[in-house]
Each structure stands twice: as C-alpha cells, then as structure tokens.
Amino acid sequence: MKRNTKYDTRIDAERASKSLRTGLVAASLLLSTGLTTISPCCAAGQKTEQKKEQKQEQKKEPSRTSTTGPTANTAPRPEPWRRTAPEATEPRPFKLPTVETYKLENGLKVQLVEDHRVPYVTVFLGFKAGKLLDDNQSLGVAQLTADMLTEGTGARSSKEIADQIDYIGGSLGAHTGYDFTLLNGSALSNSTPKLFELLSDVLLNPSFPEDEIKLKKANWLQALVMKRSQPSFLLEERFRKVIFGGHPYGIVAPHPDMVSSITQKDLVEFHKQHYIPNDAILLVLGDFDKSKMKELVSSSLGDWKAGERKEAVLPHVPSHKGRKIYLVDRPGSVQSSLKLGNLGIKKTDPDYFKILVMNEVLGGAAHSRLFANIRENKGYTYGAYSASATRVHPDVFYASADVRTDVTAASLQEFLYELEKIRNLKPKADELTTAKNYLTGTFQLGIETQAGLAQRLLEVSLYELPEDYLETYTKKVMAVTPEDVRVAARRIIQAKDLVITVVGDAEKIRPDLELFAPVEVYSAEGEVVTRAETSGAGDKGSGSDDPDS
C-alpha cells in the first residue's frame, strides 16, 4: 500500500494565506456590525478588499514563483514553537449535575435533571427486558415487540404517531439489546406535554396491528438475506456462536423461520409480562420545571400497573481449550475478515477500568498498537482494533480487522504477536498517558449532550453500578499503572485458547491458516463444510466444546 507524499508546500502555503486573509476580512465585518450574516453592502466591501489583496498578490507573485532564485525550491521553515508538541493538561474532574430521584407508587424509578442551556427535553425509559428473555423456540419476539411500539395504538395509527411527533419537531423510538429495552423521545421544551402524551400512549396502549406486523416481518426477512452476504455479519455470527454456544449472547439474528412464525399474540404476551414499571427507570433531562414535570410524569405513567419480573434461565457457556480456526468460506472474496478472542468480563467486574485502559493501549483507537502495526507499518488494512464488550453477564474480548486476501496469514501473525506482547511487557509511559487521556477526553465529550448524559445515567441504574461511578470515572482511569495493564492483559487475553474466526476465500487462505491451528470450514449459511482435525498440534480438546459438534 503506497502512500503519495509529494505535496507542493509552496502552493499550499499560498492558498492557505489567501484563505486566511479572506476569512479575517469576513470576521472583522461580522464583529464590527454584530450581524450573523453579511449584508449586501458588507459583501461589496468584502469583494473590494479581496480585489486589493489579489492585486497585491499579483505584484508579489513574480518574486515568489521565480525559479531562478536560490530559495525557489525551499519549503518555508516551521516556526520554533511548532517543534514541541503541547503538553496535555490534567483531565477536568466531572461534577454530576443535581439528579433528583424518586419512585412512583407503581415502583417506577424516576430521575430528573434540569438543564436550561437549550430549550430541549430528552426522555429515556429503560427496561430490564431484552433478548435474553426470548424463548429459544421463538427468537425475535423481544426485538419485534420494541420495533412495533410506535406502529399503532388504540387511539393512533402508525402514520398518526409519526405525523404528530414530526409536527412538534421531536423523535420517538424504541430499541432492544441483549439485556435491556430503551424507549426514548425528545422535543422542544414547549412541546413536552405532547411528547409525554405520545410516549405514554405507545408504551401503555400498543395495538400491534396485523398489517404492520406483516410489513415488519417482511422487511426483517429481506434484511436477513442481505446480511448473509456481508462478511461482518458472517464473522460476528460464527464468533459468537462458538464463544457462547446456546447462550442468548451467542445469537446475532434469529432464523428466518422463527421470524415468520411470530404472531400478534406473542408480542402482546411479551409486552404484558416484561414491560412493567417496577422493573424500569424513567430519566428526564432538559429545560423544565421540576414541580410541573413531576405532575406530568404522574399523570402520564402513574396508572401503569406493576407486575412480576421474570428472570431469564441461561445455559452454561462452553469453555475452550487450545486454538482453533473457524473459517466461513466466501469464494471469490478479495479480502478476509478476522476476529479472534475469548470470553470476557461483565460490566461490574472489579478490574473493569484496568481492562478498559489495557484495551485502549492495544487497539481501542487509531493511536493504539494494532492500528500502528497492521495498518501504519504493514499496510495490510484500513484499521485494526480490539474491544472488551461488557454487559450484565460476561461478554467477549476480541481483536479484528478486514485485510487483503494475500496477507491473511501475515495479519493473523501480527495479531498474535501484539496479544502476546501486551500480556508480557508493560506499556511505555507515553502510550499509557495517551490512552488514559483519550479515554477521559471522550468521556467528558460524551456527557456534554443531554442524550449522552442520559445514557450514562441509565447505564448506572440499569447495570446497578456505584452511585459515584460517573464522578470517579476519570480518577479510576488515571490511576491505572503499567503493571495494572500487564496484569489485566494476562487475565483477559487467553492467548493459548483463542477462538479465531475468519471469513474469506477458503481455497486461497486455508493452507496458510492451518499453520496456526486446526481449521474448520463453514458455508455462508452456517453449515459445516469440513471438520477440523481434532488431533492437530494447535488443538487441545476444543472440538468437544464446539456448539455445532
């Protein structure tokens, strides 16, 4: 991958200078007049000034572009102050805004956060009712229930709901993950009563119209067909299925037959059982008066009937011993998608912050080791990253990249090298500082918006994290030491027992992959094509834990 670094610095400098002068003229006009737009007379003055500047440039042009002078091809020298990068300051401590927390008689937990900076209100309603509660024989019910909330109620059709939320310039929608379901809405503060009217209606009175269910299912089935042609979907499907076996975290998408068999009755029953106030939290942020908001919340959701929470019965997650490669064959593919990793930690793990910083050093962003090695140094990919996903139950640690077919094995070698390196060597002071500054900086930016702060507050409540989690976040990140990183890496990265999944042209890449571990080949439909040799040097009994065995 060759990079073009031949730039004419003289031309760039001249263009930048002209642009800067034009911008300064416009800025001076705005500051002197106090206008937010330039009036015609000001625009005329600006054009006159630009003509004067252009004439001056034309007079100076011969001496600047002359090819006979001794400095004709010499780039301008950088100013002395550019030689030293600015030092990062200490992260600002985060002070949580005042949060008033109380409960309604039906058990609904309510949190109110006033923010009068802009006339806007954001509402989030979170339930502990995600895909984990799906029955193994009827996967997809939790997701379709959430998707159908805004598609019709006893009083409003799907179109009427959409028209009314659009009329107030707001938004309203629902989403389901493995652990939780979120119903969220937003609007200008003067439309808050209408927002709550619509939100409470779709929450408490969904009608699940048959025609809308049919349309949703048809669209979903078509999307599943399209996804099966995407390497990213095939990679995630195989990786999670191997890691989790029959556990719900291992399901990326339900089988089409299960989607087709979902009925209106299934949605009504799921909604009745799991959408209950005593298992939910309502979070309201924005420009409002607390006393009036309490009245609005009570009138909108006070009659919501409490229920009994149903706990999910989860199967055992298989253990994996020895490396094994799971290859999804995609004939003719010009690139290979790689993902390697193992079972990770849950959100409340005591080593969470140490592993968070470790992952940032390894592959959390463009400054990390995997990116620098596999993209910058080797040129094998546009990006190589790692992540430690955390949920209510332990999720996965993984590293991944999309690479050219001809460097599939070489890329895997670099991944294995970096994973071993961070397990055995402490990070350097500068890369550890960069990682911690990045994490604390993005944290601060993420909570600047109403939606960002709301999601963080929901995270604390739904995961049952310590009350000071947000206020101590920066402190805990900055407290991580080089030794903490090494110890965390040795815990989270099971280097000798990695699950390695690859999507690509099996005919071209399988021979080289077999040098690393036994290879098992699958079709794009998830069917086994070729079993791995369980007696291979790199396999220590992992075949018995394969969920498809």
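Just above, that's the structure.
All values derive from a computational prediction rather than experimental measurement. (Residues numbered from 1 in each chain as written. Predicted model: local features only at pLDDT ≥ 70, side-chain atom pairs only at ≥ 80, totals over all residues. Heavy atoms only, no water.)

## Overview of the overall build of the chain
Part 1 of the reasoning: For the chain, the count of helices and strands is 18 helices and 13 strands.
Part 2 of the reasoning: Counting over 549 residues, the chain shows a buried share of 46%.
Part 3 of the reasoning: Considering only intrachain contacts with a sequence separation of at least 6, the fraction spanning at least 24 residues in the chain is 80%.
Part 4 of the reasoning: In the structure as shown, the chain presents an accessible area of about 28,700 Å², 52% of it carried by carbon and sulfur atoms. (Helix = DSSP H or I, 4+ residues; strand = E, 2+ residues; numbered from the N terminus. Buried < 20%, exposed > 50% of the residue type's maximum accessible area, 1.4 Å probe, protein only. Contact = heavy atoms within 4.5 Å. Areas by Shrake-Rupley, 256 points an atom, 1.4 Å probe, with all protein chains shown as cover.)

## Focus: the packing of helix 11 (residues 352-363) against helix 13 (residues 408-424)
In a packed pair of helices, the relevant descriptors are the angle between the two axes and the axis-to-axis distance.
Part 1 of the reasoning: Where helix 11 contacts helix 13, the axes come no closer than 11 Å and their chain directions differ by 140°. Considering their axes alone, helix 11 and helix 13 lie oblique with respect to each other. Both helix 11 and helix 13 take part in a crossing whose hand is right-handed. Of the residues in helix 13, those in contact with Met 358, Val 361 and Leu 362 of helix 11 are Glu 418, Leu 419 and Ile 422.
Part 2 of the reasoning: By residue class, the composition of the contact of helix 11 with helix 13 is five nonpolar, no polar and one charged. (Axes fitted to C-alpha atoms, helices over the stretch in contact; angles between N-to-C directions. Parallel < 35°, antiparallel > 145°, perpendicular 65-115°, else oblique. Left-handed = near helix turned anticlockwise from the far one by under 90°. Nonpolar A, V, L, I, M, F, W, Y, C, P; charged D, E, K, R; others polar.)

## Things to note about the pattern of salt bridges
Part 1 of the reasoning: For the structure on display, the rule yields 33 salt bridges.
Part 2 of the reasoning: Residue Lys 216 pairs with Glu 151 through a salt bridge whose shortest N-O separation is 3.6 Å. Of this pair, Lys 216 sits in helix 6 (residues 210-227) while Glu 151 is found in the loop between helix 3 (141-148) and helix 4 (158-167), placing the two residues 65 residues apart along the sequence.
Part 3 of the reasoning: Assessed through its relative accessible area of 13%, Glu 151 is described here as buried.
Part 4 of the reasoning: Here Glu 197 ties to Arg 156 by a salt bridge, and the two come within 2.3 Å at their closest N and O atoms. Of this pair, Glu 197 sits in helix 5 (residues 192-204) while Arg 156 sits in the loop between helix 3 and helix 4, and the two are 41 residues apart along the sequence. (Salt bridge = Lys/Arg side-chain N within 4 Å of Asp/Glu carboxyl O.)

## Focus: helix 12 (residues 369-377)
Part 1 of the reasoning: Within helix 12, burial applies to Arg 369, Leu 370, Phe 371, Asn 373 and Ile 374.
Part 2 of the reasoning: In this fold, the buried residues of helix 12 make contact with helix 11, strand 9 (381-390), strand 10 (394-404), helix 13 and helix 14 (429-446).
Part 3 of the reasoning: Phi turns positive, to about 70°, at Gly 379, one or two residues after helix 12.

## Considerations on empty space enclosed by the protein
Part 1 of the reasoning: Enumeration according to the criterion identifies two cavities of 30 Å³ or more in this entry.
Part 2 of the reasoning: Here the largest cavity is characterised by a volume of approximately 140 Å³.
Part 3 of the reasoning: Residue lining of the largest cavity: 13 residues in total, with Lys 131, Asp 134, Leu 139, Gly 140 and Ile 251 positioned closest to the centre.
Part 4 of the reasoning: Looking at the second largest cavity, its volume works out to about 40 Å³. (1 Å grid on protein atoms, 1.4 Å probe; cavity = no way out; pocket = protein on both sides within 12 Å on 5 of 7 lines; lining within 4 Å. Points joined across faces, edges and corners; volume = space filled by probe spheres on them.)

## Remarks on unusual backbone geometry
Part 1 of the reasoning: With a phi close to 45°, Phe 208 is a non-glycine residue in the positive phi region.
Part 2 of the reasoning: In this fold, Phe 208 is placed in the loop between helix 5 and helix 6.

## Concerning the sheet that holds strand 4 (residues 171-176)
Part 1 of the reasoning: The mixed open sheet is built from six strands, whose spatial order is 1-2-6-3-5-4. One side of each edge strand has no neighbouring strand; the edge strands of this open sheet are strand 1 (100-103) and strand 4. This sheet shows a mean twist of 15° between the axes of neighbouring strands, independent of strand direction. (Pairing = 2+ DSSP bridges.)

## Here we look at the pairing of strand 7 (residues 324-329)
Part 1 of the reasoning: Of all six residues in strand 7, five are buried; the element is thus mostly enclosed.
Part 2 of the reasoning: Bridge count between strand 7 and strand 12 (residues 519-522): four bridges; the pairing is parallel. Across the sheet, Tyr 326 pairs through a bridge with Glu 520, a residue of strand 12.

## Details of the packing of aromatic side chains
Part 1 of the reasoning: Taken as a whole and assessed by the stated rule, the structure comprises 14 aromatic pairs.
Part 2 of the reasoning: A ring pair is formed by Phe 180 and Tyr 463, whose centres lie 5.1 Å apart and whose planes are at 85°; its orientation type is edge-to-face. Of this pair, Phe 180 sits in the loop between strand 4 and strand 5 (181-188) while Tyr 463 sits in the loop between helix 15 (450-462) and helix 16 (469-478); the two residues are 283 residues apart in sequence, bridging distant segments of the chain.
Part 3 of the reasoning: A residue is classified by how much of its surface remains accessible, and Tyr 463, at 18% relative accessible area, is buried. (Phe/Tyr/Trp six-rings, centres within 6.5 Å; stacked < 30°, edge-to-face > 60°.)

## Digging into the pairing of strand 3 (residues 120-127)
Part 1 of the reasoning: Strand 3 sits mainly inside the fold: seven of its eight residues count as buried.
Part 2 of the reasoning: As defined by bridge partners, strand 3 adjoins strand 5 across eight bridges and the pair is classed as antiparallel. Bridge pairing in strand 5 links Phe 127 to Thr 181.
Part 3 of the reasoning: Pairing between strand 3 and strand 6 (residues 280-286): seven bridges, direction antiparallel.

## As for the packing of helix 3 against helix 6
Part 1 of the reasoning: Two numbers describe how helix 3 lies on helix 6: the axes approach to 11 Å, and their chain directions differ by 125°. On the basis of their axis angle, the class for helix 3 and helix 6 is oblique. Two packed elements cross with a definite hand, and for helix 3 against helix 6 that hand is right-handed. In this structure, helix 3 contributes Gln 143, Leu 144, Asp 147 and Met 148 to the contact, and helix 6 contributes Glu 212, Ile 213, Lys 216, Lys 217 and Trp 220.

## Re the side chain of Thr 474
Part 1 of the reasoning: When you line up the elements, Thr 474 lands in helix 16.
Part 2 of the reasoning: In this view, Thr 474 contacts Pro 91, Arg 92, Thr 440, Phe 443 and Gln 444; residues no more than four positions away in its chain are not counted.

## Digging into the nonpolar core
Part 1 of the reasoning: Of all hydrophobic cores here, the largest spans 68 residues; its most connected members are Ile 325, Met 358, Leu 412 and Ile 493.
Part 2 of the reasoning: No other element matches the eight residues that helix 11 contributes to this core.
Part 3 of the reasoning: Apart from residues lying up to four places away in sequence, Met 358 is in contact with Phe 397, Ile 422, Val 485, Ala 488, Ala 489, Ile 492 and Ile 493.
Part 4 of the reasoning: Core analysis: the second largest hydrophobic core is formed by 47 residues, Val 123, Leu 144, Val 297 and Leu 301 among them. (Core = buried A, V, L, I, M, F, W, Y, C linked by side-chain atoms within 4.5 Å.)

## Section: the environment of Phe 415
Part 1 of the reasoning: Among the secondary structure elements, Phe 415 is positioned in helix 13.
Part 2 of the reasoning: Between the alpha carbons of Phe 415 and Ser 386 there is a distance of 10.0 Å; along the sequence they are 29 residues apart.

## Some remarks on helix 14
Residues spaced three or four apart along an α-helix point in a common direction, a consequence of the helix completing one turn every 3.6 residues.
Part 1 of the reasoning: Here helix 14 contains 18 residues, and its C-alpha end-to-end distance of 26 Å stays within 8% of the 26 Å for a straight helix at 1.5 Å per residue.
Part 2 of the reasoning: Along helix 14, the residues that are buried comprise Leu 432, Ala 435, Lys 436, Leu 439, Thr 440, Phe 443 and Gln 444. All buried residues of helix 14 fall inside an arc of 160° around its axis, so they share one side. Turned more than 90 degrees from where helix 14 packs its buried face, Asp 430 and Leu 445 sit exposed. (Expected span 1.5 Å × (residues − 1). Arc of directions from axis to C-beta.)

Read these as layout, nothing more, since geometry by itself doesn't imply function.
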